Amino acid sequence: MIIAIPLEDGKLAQHFGHCASFAFMQTDAANTVTERRDIEAPPHEPGLLPRWLSEHGVNLVICGGMGPRALDLLAQNGIKVITGAPVDTPENLIATHFQGTLETTANSCDHH
């Protein structure tokens, strides 16, 4: 599984569509991170990120906020999304996700 987390200063960026880069976290069947690759995000363009993430083999996105159009496009690309995640390191977010203790709040994006 590949989990993508939008980054700003090494931690989760609150706005998915305007992050500087993504951490692509490869996990194995035991839910252990086997590889981390930080990749610069492409320039912001509506509809581009879902396709770009799909091309990178992403299965899951953990983010703070995401607009409804991006949510829909990611679902169309077979990518699951967890919104409302706190600002934290990718490693901590993934660890708490797999432990079932990732605390999320409402989707923080107000784009419609």
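Structure report, in brief. (Residues numbered from 1 in each chain as written. Predicted model: local features only at pLDDT ≥ 70, side-chain atom pairs only at ≥ 80, totals over all residues. Heavy atoms only, no water.)

### Considering the pairing of strand β3 (residues 21–27)
Burial runs high along β3: six of the seven residues are buried. Where strand β1 (residues 2–8) meets β3, six bridges bridge the pair, whose relative direction is antiparallel. When the sheet's bridge partners are listed, Leu7 is paired in β3 with Ser21. As judged from the seven bridges shared by β3 and strand β4 (residues 33–40), these two strands associate in the antiparallel manner. Considered in β4, the bridge of Met25 is made with Arg36. (Buried < 20%, exposed > 50% of the residue type's maximum accessible area, 1.4 Å probe, protein only. Helix = DSSP H or I, 4+ residues; strand = E, 2+ residues; numbered from the N terminus. Pairing = 2+ DSSP bridges.)

### Quick notes on the environment of Ala106
Tracing the sequence through the fold places Ala106 in the segment after α3 (90–99). Judged by its relative accessible area of 60%, Ala106 is exposed. Along the chain, Ala106 and Glu35 lie 71 residues apart, while their C-alpha atoms are 29 Å from each other.

### Remarks on helix α1 (residues 48–55)
Within α1, burial applies to Leu48, Leu49, Pro50, Trp52 and Leu53. One or two steps after α1, the chain reaches Gly57, where phi turns positive at roughly 80°.

### Observations regarding the nonpolar core
One broad rule of soluble globular proteins: the nonpolar side chains tend to lie buried together. Among the nonpolar cores identified, the biggest contains 18 residues, and Phe16, Phe22, Phe24, Leu53, Val58 and Val61 are the most heavily contacted of them. Listing elements by their share of this core, those giving two or more residues are β1, β3, α1 and α2 (68–76). When residues in this core are grouped by element, the largest group, three residues, is from α1. Setting aside its immediate chain neighbours within four residues, Val61 contacts Ala4, Phe16, Leu53, Met66, Ile79, Lys80, Val81 and Ile82. (Core = buried A, V, L, I, M, F, W, Y, C linked by side-chain atoms within 4.5 Å. Contact = heavy atoms within 4.5 Å.)

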